[in-house]
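Observations on the three-dimensional arrangement
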Amino acid sequence: MPSLWSRFTHVKSASDPDAVEEAASQSSAKQAGVVTLDTTEIESPGGLSLTEGSAGGLGRHLGVVSCTLLIIGRIIGTGIFSTPSSILSSTGSFGASLLLWLLGFILSFCGLFIWLEFGTMFPKSGGEKVYLEAVYTRPRYLVTIIFAANAILLGFTASGCIVHMRAPPHTLPSILVAAGKTATTWSERGIALGGVHLLCTVLHGFTPQTGVRIMNILTAFKIAILVFIVVSGWVVLSGKTNIKDPYANFRDAFVGTQRVVITCYAAATFKVLDAYAGWSNVNYVLNDVRNPVRTLKIAGLLGLGICTLLYILANVAYFAAATKVRSISKPKSKTGVTIAALFFKNVFGTKAERALSVFVALSALGNVFTVTFAAARVNQELAKEGIPLPLGNRFWASNWPMGTSPLPGLIIHLIPSVVVILVPPMSVAYPFILDIGGYPMQIISFFIVIVHSPSALFRSIVGRGSQNAAGSSLSALEKPHLERPFKVWWPLAVFYFAVAVFLMIAPFLPPTNGVGGTPPLPYYLYCLVGTGVALFGVAYWAGWRVLLPRVFGYELVPRKEVLEDGTFVTVVRVVFLTSFALVGGVSRRIGEPDSRLTPFL
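Computed from a prediction, not measured in an experiment: that's the story for all the values here.

1. Here's the deal with the nonpolar core
Counting 110 residues, the largest nonpolar core has Phe-81, Trp-101, Ile-229, Tyr-311 and Tyr-318 as its most contacted members. With near-sequence residues (within four places) excluded, Trp-101 lies in contact with Ile-80, Thr-83, Pro-84, Ile-87, Val-272, Ala-275, Tyr-276, Tyr-311, Ile-312 and Asn-315. In this structure, Phe-156, Ile-433, Ile-443 and Leu-503 belong to the second largest nonpolar core, which totals 19 residues.

This is the structure in structure tokens:
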């Protein structure tokens, strides 16, 4: 087997015509059948074109079915089993909570359409990274570093692993207790780390096709679980079970609805949106998708539509069997009983709660498989741009060691998850992790839709013939040569923009109980941490691109290289500037690389 370094140190300069021709031919072969787009002048901050950015790896091996399952597997995690109780507690009634689930679908639908337009314009892995870079082209690398800070520092999947441990809001016994074993803190942490996260990393890193098959099987299992719950709900509504009055919660469905308190409903909306999170999952892995434009449009709508139908019908089933929801809906209720647990207990008996624990654990496992698959490819795309990383970005951008899957990107994703699983107490960590994972993405989404939505509204009012009156940052979207295979209807974009503004502000408002959902931590801490991570990205960019080059007198010079597995990568070299006398008096552009100067990676 080749040595550790051989696969990402054996490189060819992208300026070598033979290397470019060879890599381009390989990329063209892998992209057979893809809808051809005019991608002239579309480059990443590192100078990689769409064709170069999609070269290398296993190639385009995901079709419509796998992409649809990728979205469904990401959306359906543990939220549908635990979130309905939280939503009911915030709203006070079945009718109001069901409306929030419908609102979550509408918001997700609007967001999906915006991301479909971006994804079909820029069919490349990376998701929001690609769209931010296309819009905010100056200062160079700024949005890339900000996104990298969020993706690397907060891109963990520890929440899905922690479900296998006893942590609020999951009041069901852990998987060990459900199996009749004695559970300790470290045994549960061992399962979360070794039995879940390391398993996903090894399978996706060394046997990627097997990892995808297992991911699809687990997603199919999750769909089967929800179909089983929905069908059971129909049986309950038919009156053929021991539930005396299955329609009790549907009569006067809005009785008990709490008055509109912004903080309560904002928190409930966040939880619903978190349950729907994942509709953009294919956007992160478009380099692996066959015919990405067509597949993205089909899989996005199909995946979100299936999940919404299952979510709504599952809620109806829960409330048909859970006749004691009035006590659960009280904001100060400490019963610790979820509606899903009450459903299984009332319909199938007390022992069925253990089965629910197994269902939730397997659902969480499938979610971790799906998130890990996408996150590794986002990390790889970040490394391709030449951002400074330990061991050099060649290694992290490579598909070492198999040449087909980004194991280094999986390792980047693994490290913060290990820290979160092993270090903090779970009773504090779990609710904080849920919140901190969502708020930074709201910031990123805001900066995407703030460009798109006013632009869409402006074009609808004054017509497309007008120039960039809405701002120079719209130039990437207004270039006439860019083909737009999908166009979002402007009212959807404007509505999503308005809600994005609300969801950025609302978490800072004091909650009615003065505590919030992450005691003993302050209710606003996750917002500050999420904002702080973005500001850390700004500071890191300023130090790397501005401060250190000025202080030490060097320039950052990018150069394209092609790794052995066909992956294009930008390597940024540090080139120290010198006077004319020291270089023989040869006149040259300031910062131009010189063979007599000492380059550092």
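Further notes follow.
2. Re unusual backbone geometry
The linkage connecting Arg-138 with the following residue, Pro-139, adopts the cis geometry, with an omega of -5 degrees. Tracing the sequence through the fold places Pro-139 in the loop between helix 7 (128-135) and helix 8 (142-153). Across the junction of Trp-400 and Pro-401, the peptide omega takes the value 0 degrees, indicating a cis bond. Structurally, Pro-401 is set in the loop between helix 18 (393-397) and helix 19 (407-422). Positive phi is not limited to glycine here, since Tyr-141 has a value of about 75 degrees. Checked against the element boundaries, Tyr-141 lands in the loop between helix 7 and helix 8. Accessibility expressed as a relative area gives 3% for Tyr-141, which makes it buried. Look at Leu-391: it is not a glycine, yet its phi comes out positive at around 75 degrees.

3. Brief notes about the packing of aromatic side chains
With the rule as written, the count across this model stands at 29 aromatic pairs. Relative to Tyr-540, the ring of Phe-536 lies with its centre 6.0 Å away and its plane at 50 degrees, an arrangement referred to as tilted. Taken as a pair, Phe-536 and Tyr-540 lie in helix 23 (residues 525-552) at a separation of 4 residues, close to a single helical turn. Joined through ring pairs, the aromatic side chains of Phe-221, Phe-228, Tyr-318, Phe-343, Phe-344, Phe-348 and Phe-359 make up one cluster. Looking at Arg-377, its charged tip hangs above the ring of Phe-373, at a distance of 3.9 Å from the centre. Over the aromatic face of Trp-544 sits the side chain of Arg-545, whose NZ or CZ is 5.2 Å from the ring centroid.

Procedures and definitions
- Residues numbered from 1 in each chain as written.
- Predicted model: local features only at pLDDT ≥ 70, side-chain atom pairs only at ≥ 80, totals over all residues.
- Heavy atoms only, no water.
- Core = buried A, V, L, I, M, F, W, Y, C linked by side-chain atoms within 4.5 Å.
- Buried < 20%, exposed > 50% of the residue type's maximum accessible area, 1.4 Å probe, protein only.
- Contact = heavy atoms within 4.5 Å.
- Helix = DSSP H or I, 4+ residues; strand = E, 2+ residues; numbered from the N terminus.
- Phe/Tyr/Trp six-rings, centres within 6.5 Å; stacked < 30°, edge-to-face > 60°.
- Lys NZ or Arg CZ within 6 Å of the ring centre and 35° of its normal.

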